[in-house]
Structure formats: structure tokens, C-alpha cells
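Architecture and fold: a report
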Amino acid sequence: PGLAEKRPSVLYGDRVFIRIKSDDRAEYEGYVHRVLLEEVHLLFHTSLHARVGALHVSHVRFTVSRVTLRRCHQAVGLACPRLLPSLFPTRVPAAGNAVDDADVHDMQIRQYFDLDLNQRQRQAVSFIAGGKHNQTPYLLFGPPGTGKTRTVVESINQVLEKPGM
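Overview of the structure. (Residues numbered from 1 in each chain as written. Predicted model: local features only at pLDDT ≥ 70, side-chain atom pairs only at ≥ 80, totals over all residues. Heavy atoms only, no water.)

For the protein chain, the count of helices and strands is five helices and four strands. Listing every helix and strand of the protein chain by position from the N terminus yields β-β-β-α-β-α-α-α-α. Of all 165 residues assigned to the protein chain, the portion counted as buried reaches 22%. In the protein chain, 57% of the contacts between residues at least 6 apart in sequence involve partners at least 24 apart. Accessible area for the protein chain stands at about 12,600 Å²; split by element, carbon and sulfur atoms hold 56% of it. (Helix = DSSP H or I, 4+ residues; strand = E, 2+ residues; numbered from the N terminus. Buried < 20%, exposed > 50% of the residue type's maximum accessible area, 1.4 Å probe, protein only. Contact = heavy atoms within 4.5 Å. Areas by Shrake-Rupley, 256 points an atom, 1.4 Å probe, with all protein chains shown as cover.)

Have a look at this one:
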């Protein structure tokens, strides 16, 4: 329960603490070096590897690294000032500005950066980049792996390509 993809989220840079069977009192600190589909590669100080051949681990404890979150916050802080008002509007539109399906095609996209977007993703990009209703946030939702991130990235690229931006 509470685990995405039926496994704990382990990211590059997370700290890991292990205890080995031969010395269960000592705890050794390492880092997640690589995360693969079914494997996690850990990196410890070379002295631990030299001292103990094949590790027989009795206990493993992972901790979350804040580096990834700090990088996300830093990216938002470094974003172009002209892009932030489009992503985080401060004004709410007047009542009666209902979304009309005809508005979705207001902006004709000349060239997509991601040529593999499907029709629904292109429709969302056109709507977002058109900016007709840019005073309210846009919400993209769907199950994992449906292309939400690709749609957002394409929308950002299209907004930055608009004349006058």
C-alpha cells in the first residue's frame, strides 16, 4: 500500500545504510549509484569492498535524498520570467468563460518538437499554447505512462516559440 509501481521509490543519490552479518553492530553508509528496472546499484567506500569480499547483508535502510527536490525548485527559480506567468497565473477569469471545443484549435502549431505525440496530446498542446484561457491553470491527468510529461514539455516549448515571448 502506498507504493507506486509496487516497489519503493529509490532514486539516484539516495543514501543507503547496511549492516553485514559478520559485524551486525556497525552500519555502513553508501549511495544509490544506478537504478535499473529490477536492480539497484549501490556505491560504498572502497575500504568496505576491500575488507569484505562478497557482502552478506543482514539489514538495509534507504533514506530519501533531497537533491532531486532541490533541483526541481532550482529549475523553477531559474525559469524565464516570461514563462512563469503562463505556468502560474495570478488572475482568475471572469465567470462565463466556458471552454469551447472550437477554442482548442485556435492556435495552429506549425512544427511540433515531439513528433510522436498522439492526437489528444497535440490537442492539449494546442489549447495550452494558444493561451486563450491562460488565466486559470491547466490540469493534465492520466495513469502512469500516458505522456503527461511529454505534453507539458511540448507545451512549454510551444509557448516559448510564440512570437512576442
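Moving on: the pattern of salt bridges. It is possible for side chains of opposite charge to pair when their charged atoms get near one another. Considering all chains together, one arrives at four salt bridges under this definition. In this structure, Glu 29 and Arg 15 form a salt bridge, with 3.5 Å as the shortest nitrogen-oxygen distance. Remark: Arg 15 occurs in strand β1 (residues 15-20) and Glu 29 occurs in strand β2 (residues 23-35); sequence separation between them is 14 residues. Residue classification places Glu 29 among the partly exposed residues on the basis of a relative accessible area of 38%. On the basis of relative accessibility, which here comes to 36%, the residue Arg 15 falls in the partly exposed class. Here Glu 27 makes a salt bridge to Arg 61, at a shortest N to O gap of 3.0 Å. A residue pair is termed long-range when its members are at least 10 positions apart, and Glu 27 in strand β2 and Arg 61 in strand β4 (residues 57-63) qualify at 34 residues. One connected set of salt bridges, linked through shared partners, spans Arg 19, Glu 27 and Arg 61. (Salt bridge = Lys/Arg side-chain N within 4 Å of Asp/Glu carboxyl O.)

This next bit is on the environment of Ile 20. Along the chain, Ile 20 turns up in strand β1. Residue classification places Ile 20 among the buried residues on the basis of a relative accessible area of 1%. When the C-alpha atoms of Ile 20 and Val 57 are compared, they prove to be 4.3 Å apart, with 37 residues separating the residues in sequence.

This part is about the sheet that holds β4. Pairing between the strands of a sheet is mediated by backbone hydrogen bonds and can be parallel or antiparallel. The strand order across the open sheet built from four strands is β3-β2-β1-β4, with neighbouring strands paired in antiparallel fashion. Two strands close off the open sheet at either side, each with one partner strand: β3 (40-43) and β4. Neighbour to neighbour, the strand axes of the sheet diverge by 40° on average, direction disregarded. (Pairing = 2+ DSSP bridges. Axes fitted to C-alpha atoms, helices over the stretch in contact; angles between N-to-C directions.)

It is worth spelling out the packing of aromatic side chains at this point. Each aromatic ring pair is specified by the distance between its two centres and by the angle formed by the two planes. All chains considered together, the criterion is met by zero aromatic pairs. Here Arg 122 stacks its cationic end above the ring of Tyr 112, 4.3 Å away from the centre of that ring. (Phe/Tyr/Trp six-rings, centres within 6.5 Å; stacked < 30°, edge-to-face > 60°. Lys NZ or Arg CZ within 6 Å of the ring centre and 35° of its normal.)

Moving on, we come to the packing of helix α4 (residues 119-130) against helix α5 (residues 148-161). For the pair α4 and α5, the least separation of the axes is 9 Å and the interaxial angle reads 40°. Here the hand of the crossing between α4 and α5 comes out right-handed. From α4, Gln 121, Ala 124, Val 125, Ile 128 and Ala 129 reach across to α5, where they touch Thr 151, Glu 154, Ser 155, Gln 158 and Val 159. In terms of residue class, the contact of α4 with α5 is built from five nonpolar, four polar and one charged. (Left-handed = near helix turned anticlockwise from the far one by under 90°. Nonpolar A, V, L, I, M, F, W, Y, C, P; charged D, E, K, R; others polar.)

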